[in-house]
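Here is how the chains run, residue by residue.
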Amino acid sequence: MSKFSTSASVALSSGLNLGGNATYALSGKTGISAFNVGASYSSGPLFATVTTASKMSQVNVGVLYTVNSDLTIASTTTHSSSKACDVLGVGGAYKAPFGTLKGKVGSNGIISACLIKEVAPKVTLTASGSVAASDLSNFKYGLGIVM
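**So, the overall build of the chain**
Secondary structure summary: the chain contains zero helices and 11 strands in total. Across the chain, helices and strands are ordered from the amino to the carboxyl terminus as β-β-β-β-β-β-β-β-β-β-β. Taking 2.2 N^0.38 as the reference for a compact globule, 147 residues should give roughly 15 Å; the C-alpha atoms of the chain span a radius of gyration of 20 Å, well beyond that estimate. Projected onto its principal axes, the C-alpha coordinates of the chain cover approximately 55 × 40 × 35 Å. By the burial criterion, 14% of the 147 residues in the chain qualify as buried. Within the chain, residue pairs in contact and separated by at least 24 positions form 7% of the contacts whose partners lie at least 6 positions apart. Within the chain, one finds 10 positive and 4 negative side-chain charges whose respective centroids are separated by 13 Å.

**A few points about the pattern of salt bridges**
This model, assessed by the stated rule, comprises one salt bridge. A salt bridge links lysine 83 to aspartate 86, with the shortest nitrogen-to-oxygen separation between them at 3.8 Å. For aspartate 86, a relative accessible area of 22% corresponds to the partly exposed category.

**Some words on the sheet that holds strand β9 (residues 110-120)**
Overall, antiparallel pairing links the 11 strands, which are arranged β1-β2-β3-β4-β5-β6-β7-β8-β9-β10-β11 in an open sheet. Among the strands making up the open sheet, the edge pair consists of β1 (3-11) and β11 (135-146). For this sheet the average axis-to-axis angle between neighbouring strands, irrespective of direction, equals 10°.

**Details of the pairing of strand β10 (residues 123-132)**
With 10 bridges joining them, β9 and β10 adopt antiparallel strand pairing. Opposite serine 112, over in β10, you have serine 130 as the bridge partner. The antiparallel hairpin formed by β9 and β10 contains two residues in its connecting segment, where lysine 122 sits at a positive phi of about 65°. Taking the residues that link successive antiparallel strands as the turn, the β10-β11 hairpin has two residues.

**Let's talk about the pairing of strand β7 (residues 86-96)**
Here strand β6 (residues 71-80) runs beside β7; their pairing, made up of eight bridges, is antiparallel. Looking across to β7, one finds that alanine 74 is bridged to glycine 91. For β7 and strand β8 (residues 99-106), the ladder comprises eight bridges, and the chain directions are antiparallel. Residue pairing in the sheet places alanine 96 in a bridge with glycine 99 of β8.

**Examining a nonpolar patch on the surface**
On the surface, a nonpolar cluster with roughly 830 Å² of combined accessible area is contributed by Met1, Phe4, Tyr24, Leu26, Ile32, Phe35, Val37 and Met56. Of the residues forming the nonpolar patch, the biggest block, three residues, is contributed by strand β3 (residues 31-43). Turning to its location among the elements, phenylalanine 35 is positioned in strand β3. With a relative accessible area of 32%, phenylalanine 35 lands in the partly exposed category.

Cut-offs and rules
Residues numbered from 1 in each chain as written. Predicted model: local features only at pLDDT ≥ 70, side-chain atom pairs only at ≥ 80, totals over all residues. Heavy atoms only, no water. Helix = DSSP H or I, 4+ residues; strand = E, 2+ residues; numbered from the N terminus. Rg over C-alpha atoms; globule rule 2.2 N^0.38 Å. Buried < 20%, exposed > 50% of the residue type's maximum accessible area, 1.4 Å probe, protein only. Contact = heavy atoms within 4.5 Å. Lys, Arg positive; Asp, Glu negative; His and termini not counted. Charge placed at Lys NZ, Arg CZ, Asp CG, Glu CD. Salt bridge = Lys/Arg side-chain N within 4 Å of Asp/Glu carboxyl O. Pairing = 2+ DSSP bridges. Axes fitted to C-alpha atoms, helices over the stretch in contact; angles between N-to-C directions. Patch = residues over 30% accessible without salt bridge, like charges linked within 9 Å, V, L, I, M, F, W, Y side chains within 5 Å. Areas by Shrake-Rupley, 256 points an atom, 1.4 Å probe, with all protein chains shown as cover.

It is worth stressing that arrangement in space is one thing and function is another; only the former is reported here.
Quick look at the structure:
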């Protein structure tokens, strides 16, 4: 056994969850080799998370907001000493009468969308596509079915 890892979390009645993990190296350079913490908060239509990575040198923030029963929006960002704010993605989901539409714009310039439709009880059909905003001629698409 070269390392020992442990984690712990606690859920509070206020909608707040806290957690953390640590890894202790038992061979080579012994001692704490990794550690991170995280928290999430949920209240009404808002759900937010804050987690750390790379020995707490990076902070990841995620936010999801339910506008109404048909529309949800979300975003994820990363913050570190090398880059103050890197928006990884912004997206949303809309429950339309003809199916659920989902869309996302990533920081890499990729625009993605899909339509999910229940075609029979417990059978969904998904049509998806993505394209780089810098090259609209290279459209990628796909079709999936889940039974």
